[in-house]
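# Structural overview for review
This is what each chain is made of:
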Amino acid sequence: MLTFLCSLPILWQIGLLISLLLGGFKAYLWYTLGVCTSTKKMSGKTVIITGANTGIGKETAIDLAKRGARVILACRDPKKAAIAKDDIIQETGNKNVVVRHLDLASLKSVRKFAAEILKSEPRLDILINNAGCATIEKKLTEDGLEYQMQSNHFGHFLLTNLLLGLIIKTGTARIINVSSEAHRMPNRLNLDDLTFDRDPADSKILRIYGVTKLCNILFSKELARKLEPCGKNITVNSLHPGVVHTEFGRFLPYEVFKKIMTAISPLFSKSAKEGAQTTIYLAVADEVANVSGKYFCDCKIAKTSKLAKDAGLAKKLWEVSETLVKLKPEERHY
Ligand SMILES: NC(=O)c1ccc[n+]([C@@H]2O[C@H](COP(=O)([O-])OP(=O)(O)OC[C@H]3O[C@@H](n4cnc5c(N)ncnc54)[C@H](OP(=O)(O)O)[C@@H]3O)[C@@H](O)[C@H]2O)c1
């Protein structure tokens, strides 16, 4: 066998080696894949999912709609959201799927979205902060915040705070923040410079994405701590969905690179449906009904980086975030 392999042209040998490595990784993914096996029905429950028009968010919406929930798709692009809504209704037969406009990179949009929800919805059982982006260049939003930080952290921070009164009023509820293993990338978090202007090492674009995902976990932990007086009825958890084949690659630089990655990524990634499993598990499974402040991967509690465990840092991030999103004292529900 070895003699036969060695007799092949070198390009064939390389191709074979790469295929074996990718195949092995895919087999590992399949072996470790966490699947939500709960058959729980969600009739009478209301769910908000940010970034639900595609990828992990859309698959989560499909699953929860199948279970009978009222699903609110919180999306920034009305056309994409309308198409996703039609797809979800067609696939699940659940007509209780609605679209509300939300651009997390605008504090004004977050406030408008939250005001509409507070006016129209009598309850909110599950809030899934799923939307996320990674940009190839650093830029500021209309609010003067760094774009990725606002889309991935500050927008969800403000949204959750504005909806917290309704969530607490609902009585039993779950808040789920989609983070990433990329939270391990930063080895420090400078809360005095969240626009990443001072240190060139901090401003590296991938590192900023890592910081936003670290903030998702710190935010979850601090919110879980703040909600402890509510008992175990309102839980807050974060998760890593895995390496998932979605539209996330659209943020990659260079068209050719993007096309190659899009073509080969199914070979070493989970599908969007597989990537949605941990989110769905946290939304419906009975065994996590009283689990809060944890980080999950493949439907199991997972370890975070040392920085993500720092309770003092989580508290300070909360204070800085409150100031930067201009949260008013009367909007605090803890
Ligand atoms: N894919 C992975 O391998 C992976 C790994 C770890 C973590 N994650 C996390 O998983 C989550 C979902 O990602 P995905 O892979 O499903 O990516 P995706 O296919 O690119 O979907 C991202 C969603 O977020 C929305 N979004 C981005 N910025 C927004 C903003 N400012 N306001 C409102 N919506 C916004 C997008 O809306 P548009 O369609 O309008 O752009 C889209 O609906 C993200 O938080 C990501 O960080 C993904």
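Right, let's walk through the structure included here.

Cut-offs and rules
Residue indices follow the written sequence of each chain, beginning from 1 at its first position. Per-residue local features are limited, in this predicted model, to residues with pLDDT of at least 70; the limit for side-chain atom pairs, both in listing and counting, is 80 or more; totals at the level of whole chains, interfaces and linings are taken over all residues. No hydrogens and no water enter the side-chain calculation; it runs on all heavy atoms of the structure. Helix numbers and strand numbers start at the N terminus; a helix is a DSSP run of H or I with at least 4 residues, a strand a run of E with at least 2. C-alpha atoms define the radius of gyration, and 2.2 Å times the number of residues to the power 0.38 defines the globule rule. Three exposure classes are used, based on accessible area relative to the maximum for each residue type with a 1.4 Å probe and protein chains only: buried under 20%, partly exposed in between, and exposed over 50%. The contact criterion used throughout is that any non-hydrogen atoms of two residues lie within 4.5 Å. A helix is expected to span 1.5 Å multiplied by its residue count minus one. Working definition for bend: take the seven residues up to and ending at a residue and the seven starting at it, fit an axis to each, and measure the angle between the axes. One bridge is not enough; two strands pair if DSSP finds at least two bridges between them. Helix axes are fitted only over the stretch in contact, all axes being lines through C-alpha atoms; the angle between N-to-C directions runs from 0 to 180 degrees. The rule is simple: put a 1 Å grid over the protein atoms alone, call a set of points where a 1.4 Å probe fits but cannot get out a cavity, call an open set with protein on both sides within 12 Å along at least five of seven lines a pocket, and count a residue as lining if it has an atom within 4 Å of a point. Grid points are joined across faces, edges and corners, and a volume is the space filled by probe spheres set on the points. Gly is put with the polar residues, along with every residue not named as nonpolar or charged; the nonpolar set is Ala, Val, Leu, Ile, Met, Phe, Trp, Tyr, Cys and Pro, and the charged set is Asp, Glu, Lys and Arg.

### With respect to the overall build of the chain
Looking only at helices and strands, the chain features eleven helices and eight strands. For 334 residues, the compact-globule estimate of 2.2 N^0.38 gives 20 Å, and the chain sits close to it at 21 Å. Taken along the three principal axes of its C-alpha coordinates, the chain extends 75 × 50 × 35 Å. Across the 334 residues of the chain, 51% fall into the buried class. Across the chain, the fraction of contacts at a sequence separation of at least 24, relative to all contacts at a separation of at least 6, is 78%.

### Quick look at helix α8 (residues 255–268)
An ideal rise of 1.5 Å per residue puts 20 Å on 14 residues; α8 measures up with 20 Å between its terminal C-alpha atoms. Residue threonine 262 marks the point of greatest curvature in α8, where the axis turns by about 30 degrees; the proline proline 266 follows within four residues. All of the buried residues along α8 are Lys258, Ser265 and Phe268. Contact partners of the buried residues in α8: α2 (10–32).

### Concerning the sheet that holds strand β8 (residues 300–301)
An order of β3-β2-β1-β4-β5-β6-β7-β8 is seen for the eight strands of this open sheet, with the pairing classed as mixed. The sheet terminates laterally at β3 (97–101) and β8, the two strands that pair on one side only. With three bridges connecting them, strand β6 (residues 234–240) and strand β7 (residues 295–297) associate as parallel partners. Residue histidine 240 lies in a different strand from β7, and its bridge partner there is cysteine 297. Its contacts with the sheet place helix α3 (residues 55–66) against β1 (46–50), β2 (70–75), β3 and β4 (126–129), and it is angled at close to 170 degrees to β1.

### Description of the layout of surface pockets
In this structure, the second largest pocket encloses a volume near 240 Å³. If you go around the second largest pocket, you meet 16 residues; those closest to its centre are Lys221, Ala224, Arg225, Glu228 and Gly293. Within the residue set of the lining of the second largest pocket, elements represented by two or more residues are α7 (205–226), β6 and α11 (311–324). Top contributing element to the lining of the second largest pocket by residue count: α7, with four residues. Here the residues of the lining of the second largest pocket are counted per class, giving five nonpolar, four polar and seven charged.

### Things to note about unusual backbone geometry
Phi at aspartate 298 takes a positive value of approximately 50 degrees, unusual for a residue other than glycine. When you line up the elements, aspartate 298 lands in the loop between β7 and β8. Unusually for a residue other than glycine, cysteine 299 sits at a positive phi of about 60 degrees. Inspection of the secondary structure assignment puts cysteine 299 in the loop between β7 and β8. Here cysteine 299 falls in the buried class, since its relative accessible area comes to 11%.

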